[in-house]
Amino acid sequence: MSDISGGAARAAYRLHSGLRRVGERSQMFVQNKYSSDRNVKECSLNRSLFTRISDSIQYRWRNFYFERMYSSYRPSGVELFSRSKTVEGGRVIDAIPDADVYNLHWTSGFIDPLPFFGQMCRPVVWTLHDMNPFTGGCHYNMGCRRFEDSCGKCPQLGSFKENDLSRYIWDYKNSAYQKAIQKNQLSVVATSEWMMDEAKRSALLSDAQIQLIPYGLDHEVFQPRDTSGMRTALGVPEENLIVLFVAESIRNQRKGFDLLAKALSGISEENVTLISVGGQENNIQFEKSHYHLGTIESNELLSVFYSLADIFVIPSRQEAFGQTALESMASGTPVVGFNTGGIPDMVRPGETGWLAETGNARALRQAIERALSHEIERERRGRRCREVVEKEYTLATQAKAYRRLYEKTISKNAA
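Because the structure is a prediction, the values reported are computed rather than measured.

Q: Explanation requested: helix 10 (residues 323-330) in the structure shown.
A: One turn of an α-helix holds 3.6 residues; hence residues three or four places apart share an orientation. Across the eight residues that make up helix 10, a large majority, eight, are buried. Just downstream of helix 10, Gly332 is the residue with a positive phi angle, here 85°.

Q: How should the pairing of strand 7 (residues 241-249) be read in this particular structure?
A: Residues in a regular strand point their side chains to alternate faces of the sheet. The buried count for strand 7 comes to eight of nine residues, which makes it a mostly enclosed element. Relative to strand 8 (residues 272-279), strand 7 is paired through seven bridges, and the arrangement is parallel. Note that in strand 8 the partner of Ser249 across the bridge is Gly279. Tracing the backbone out of strand 7, into helix 8 (residues 257-265) and back to the parallel element strand 8 gives a crossover that is right-handed. Here strand 7 pairs with strand 10 (residues 311-314) via two bridges, running parallel. When the bridges of strand 10 are listed, Val243 appears paired with Ile311.

Q: Looking at this model, I keep getting lost on the pairing of strand 10. Mind explaining?
A: Residues Ile311 and Val313 point to one face of strand 10 and Phe312 and Ile314 to the other, with burial holding for every one of them. In this sheet, strand 11 (residues 335-338) lies alongside strand 10 in parallel orientation, the contact comprising three bridges. Directly across from Val313, in strand 11, lies its bridge partner Val336. With helix 10 bridging strand 10 and its parallel neighbour strand 11, the resulting β-α-β unit is right-handed.

Calculation rules
Residues numbered from 1 in each chain as written. Predicted model: local features only at pLDDT ≥ 70, side-chain atom pairs only at ≥ 80, totals over all residues. Heavy atoms only, no water. Buried < 20%, exposed > 50% of the residue type's maximum accessible area, 1.4 Å probe, protein only. Helix = DSSP H or I, 4+ residues; strand = E, 2+ residues; numbered from the N terminus. Pairing = 2+ DSSP bridges. Right-handed = clockwise from strand over helix to strand, strands pointing away.

The quantities given are spatial measurements derived from coordinates; they are silent on function.
Structure, rendered in structure tokens:
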């Protein structure tokens, strides 16, 4: 969908940058371009006035149908629900530049899988940034296991019907994927052990070739930095311990800011300051001092705040990977998080951080208290965080793994 707007987009752009650094001719094709990178091409469709009007009518009708059928039944706190069929359909496919291999990323609302796989004759790699490619519309299942069969009765739609929108979307995706999987044209990349296990259990992708390649990041941008004067600039007392929270939107219930607030409200340490980074300040109030910095576009400045913190907390209820945890580790700051999704891949108890029972605010508080009460241990784990990133999560490590996969996929497709 985008090159640098959103977590999945930033992850895709980092891979693109890493590939170019190791000598590959990587280009990105996106619906919305926000960077100045000349190797990112924005999709431009030459549509007639009649086509634009027709597309607009279809788009409004689909939205009306969705709102009419499900909006009043959807539970509170659920996230985006994406339909796979797009208005532009095959016209976007016709606009895609020629390449040896195509790597799909977060494509909801942009790439329609049925015309894409129907027309595509080159090998395809699909990187899973969330669960949507193998569900009937949700991006995170939040405990529902119906994607292991064929969806329907979708709890995120508030539906009790087998043949609801989620079943229709599942059938549509199934029609799109099967021929590509049978021809060994589609390879799937999971970014965490959890995501790989879930994809293998899904009915849609269980027969596809799935392998694990974690995210990478520029460890020269995200690195331990000098934070002199930052406490004074923010007004944080020198004796206070700093807890950092970062999310694109702190109002996203899945990101768990409410659980962090609850955990900190009962913490025994008095001199604790919470710094939060992200859009849309949350209206949750608690007794500890709190500074909300809003959105930070500069990765270098963000690395300064990671370095400033004594610990970074990622209280997500569910997380495909957790790039913020990786950014913190690269900056030399240990992480406290829930034992869920891709977080345990990076946050290793006794090594790079502390884990708590998922969704349990009390357990999270206890983990935070353990982390804040042992300065020497925090420093040791912080150093280990940096070592792990340099060994396992650099852009070069990620790009070389993808290059091997591309070569293997191209060779199989040519056979």
